[in-house]
Amino acid sequence: MRLLKQHALWFILIPVLTAGSVYYFTKNEPRVYKSQATIYTGLASGYSLLSDQQAGFIDHSAAAFENLLTTLNSKETLRQIGVDLLTRHLPLEKPDGKILSLPAFQELHQAIPESLRLSLVKNADEATLHARIDSLSRSSSDNPVQYLLLKSSAYCSIATIGKKLKATRRSPSDMLDLEYESNDPAVAQQTLSNAIAILNKRYTTLKTAETNSVVNYYEDKAKESKKKLDEAENKLRSFSVEHKLLNFEEESKNVAASRELFSGDYNKELMTNKAVKASMDALNKRMGQQGALLLANGDLKAKQNDLSDAQSQLVNAQAYGQPQNVITRLQTRVDQASEALKTTARTYTAAESSPEAIPQRTLLNEWLEKVIDFEESSARLEVYKSRMGEYQTKTEEYSPLESELRQLNRDLTLAEKDYLASVQYLNQAVTHRQDISVDGALTILDPPNFPYDAQSKRWLFIALGFGIGLFIAMLLTAIRFWIDRRISSPEQAETLIGRPVAAVFPTVRKFSIDSKAGRTALSMFEQLCNAINFEIVKTTATKPYPPVITLFSVRSKQGKTWVANSLGRMYAEAGQQVAYCYPRLTDEQQKVEQEGITFFPYTRRSDLMNVTEIDYLFDEQTKFDASQFDRIILEIPGLISNPIPVYLINQSTVSILVTDVNSIWARTERKLLEMYLKIATHTVVTVLNRVDTSYLDAPSKADVQQRPIQPEHSIEVQRTLRSLENQRTLQYGKLA
């Protein structure tokens, strides 16, 4: 606040100056029209054909919006917007407020020669004109249309459109706000409408092209998978046809089971055959010679062979599952062969009884039955052997086929899975492409409006200029504060000087208890007098009487004279005689006595450093008697341009360093003060002059009104004290 108060003029003048400059330079500001529109994108929460197929939700709206905005701000999009504007504006023969105003119309006709314009619009509909303008904008050679669109700053150039076209997402919704500013309201509306149409077209084309590449990939993938699947099925089919397999697993199980069954039947039949053979051999022995004749008879042998063949055919038919009529026919043949064999055997029988007294017919019947059973058993054994061989062959054939068939089935399964996955991905890609082609990417919620009222930013610029002025003022204040080596406050004075400040004085126009500065100054002089008197009392035994109070400053015009006068007045009011010795400024200044203070001007001398007594400062005409005074106030010139009176300083009782606020305190000042302090064997009191009242605590009027009143006999008392001090001084002098 102190800095603001000190630099109040800066904080008023600079902002007013900058705001006034902005006001002056924007008095001819062009009128600006803004057209606005809102479109629904559906990128974040929109419903599509694939919405129900998504298992989890992953928000890609940020990237989608970024892609959308990048597409909108691309050079190709901006170029197409400019081409659309020229397509509509070139055919105009005169300005039209709803299409193109007069300034923009004149700008366009200055940029495009009339001959070129006529050649472009001649016998051309809108599509033809658009194609011609687009071709010129893409031409490799320079032409006015290309320059207007790509290099100029006209209303239809890509630079102007890109700078003024703004799009922002209304987060977190699916809405996209677009706005465009132009000096022509019709151009603003048309530019925004063209931008939305071209953005919708380009974004949809990009997304469709993206899905087309995916669809083409999965179509090729599906065709390749289908080809592999067909090859696997053909191999499996050829394998089945080649090996006559309907179901390899079932057939292999059937072969194993049948083989096991036939093996058991074969063993049983073998035992039966051996038993029948043994019975037949036993009957042959009992029948004796007749049995041998029966066996040797050719006719009987033929009948037996017929029976054996019939039995074999019947067993084969039953084993291979022939139809029932075939089995019945073969069974009839077996029965006929059996009867024929029996008849032939009875013809050759000669006796009715066997040697063992058994009827011959009975033996023959038993023998014939055994023969028939044997033939049947032998026939079945042959069939069993044949089938066992077939099953063995099948088993040997199926053993290597199993691994080959498993490989074929595995290839078929993999090909089928690959084909189904490709078809699934293809369906998803086709659905996504259809989703884009059906609904598109953007839907206009609020179409671009025609701006009837111009927008002025003049007051905004003025306010901005005022703010910039405030910033400049603050910056200058801060820079001045950082680089300024001048004293600005008591705290800074103590830091720079390196000594405590005993008294601070404001700028006082008039000593009055009615002003804060007057009350503060009176209070500070009282405190300064107290500090001086304290030092005088301490040095009474070592310093001569009267005490010498030396006022000095490093630079001139620091307020020493004002402090000395005020200090002398304080002592004079206390009834003491004060001698104020100060450097003469003009020759007219002479010794003057006024209200208890005697003013002794002295001439600045080059040998000031050699002056040993205060008397030597004055000429013979100026009589100076130190014994006539109670206090001697000695003001010496600024140390920076005058020699230091070493001997006079050594005789001083107390020194007062007077420094003004806003005075520079740098290396030179510090060195001169260090030299002074080396000479001074007494206390040096620091006083800061012209301090801002914000740093001071002024006493109240009641406190000031309670100051002590000067008693009438104070002068006599002071005179008596001075005589005693003179006598004491003489005594000390004699002792010395």
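A brief structural summary. (Residues numbered from 1 in each chain as written. Predicted model: local features only at pLDDT ≥ 70, side-chain atom pairs only at ≥ 80, totals over all residues. Heavy atoms only, no water.)

Points about the sheet that holds strand β11 (residues 654–660)
Thinking step 1. Taken in spatial order, the eight strands of this open sheet run β5-β12-β11-β6-β10-β7-β9-β8, and their pairing is mixed. Looking at which strands have only one partner, the edges of the open sheet turn out to be β5 (501–504) and β8 (592–594). Adjacent strand axes in the sheet meet at a mean angle of 25 degrees, parallel and antiparallel pairs treated alike.
Thinking step 2. Of the strand pairs in this sheet, strand β6 (residues 548–552) and strand β10 (residues 631–635) are connected by four bridges, and their pairing is parallel. Among the inter-strand pairings, threonine 550 is bridged to a residue of β10, identified as leucine 634.
Thinking step 3. Its contacts with the sheet put helix α21 (residues 667–679) on β6, β11 and β12 (683–689), and the angle it makes with β6 is roughly 165 degrees. (Pairing = 2+ DSSP bridges. Helix = DSSP H or I, 4+ residues; strand = E, 2+ residues; numbered from the N terminus. Axes fitted to C-alpha atoms, helices over the stretch in contact; angles between N-to-C directions. Contact = heavy atoms within 4.5 Å.)

A word on the packing of aromatic side chains
Thinking step 1. Here the structure, examined in full by the defined rule, presents 17 aromatic pairs.
Thinking step 2. Consider the rings of phenylalanine 505 and phenylalanine 525, whose centres lie 4.3 Å apart with planes at 35 degrees: the pair is tilted. In this pair, phenylalanine 505 sits in the loop between β5 and α18 (516–538) while phenylalanine 525 sits in helix α18, placing the two residues 20 residues apart along the sequence. The pair phenylalanine 505 / phenylalanine 525 is uniform in exposure class, with both members buried.
Thinking step 3. It is lysine 98 that lies over the ring of phenylalanine 450; its NZ or CZ is 4.4 Å from the centre. (Phe/Tyr/Trp six-rings, centres within 6.5 Å; stacked < 30°, edge-to-face > 60°. Buried < 20%, exposed > 50% of the residue type's maximum accessible area, 1.4 Å probe, protein only. Lys NZ or Arg CZ within 6 Å of the ring centre and 35° of its normal.)

Remarks on the environment of aspartate 630
Thinking step 1. By the element assignment, aspartate 630 lies in the loop between β9 (597–602) and β10.
Thinking step 2. With a relative accessible area of 2%, aspartate 630 lands in the buried category.
Thinking step 3. Taking C-alpha positions, aspartate 630 is 5.9 Å from valine 578, a pair spaced 52 residues apart along the chain.

Focus: the side chain of arginine 631
Thinking step 1. Tracing the sequence through the fold places arginine 631 in strand β10.
Thinking step 2. Every residue in contact with arginine 631, bar those within four places of it in the chain, is listed here: Asn533, Ile536, Tyr545, Pro546, Pro547, Ile549, Tyr571, Gln576, Gln577, Val578 and Ala579.

Let's talk about the packing of helix α2 (residues 8–25) against helix α16 (residues 458–483)
Each pair of packed helices gets described by two things: the angle between the helix axes and the distance between those axes.
Thinking step 1. At their nearest, the axes of α2 and α16 sit 7 Å apart, and the two run at 145 degrees to each other. In the crossing of α2 with α16, the sense of the turn from one axis to the other is right-handed.
Thinking step 2. Class assignment of the residues belonging to the contact of α2 with α16 gives a composition of 17 nonpolar, four polar and two charged. (Left-handed = near helix turned anticlockwise from the far one by under 90°. Nonpolar A, V, L, I, M, F, W, Y, C, P; charged D, E, K, R; others polar.)

Some points on α2
Thinking step 1. End to end, α2 covers 26 Å across 18 residues, agreeing with the expected 26 Å (1.5 Å per residue, within 8%).
Thinking step 2. All of the buried residues in α2 are Phe11, Ile14, Pro15, Thr18 and Ala19. Angular distribution of buried residues about the axis of α2 spans 120 degrees; they occupy a single face of the element. Exposed residues on α2 whose side chains face more than 90 degrees from its buried face are Leu9, Ile12, Leu13 and Leu17. (Expected span 1.5 Å × (residues − 1). Arc of directions from axis to C-beta.)

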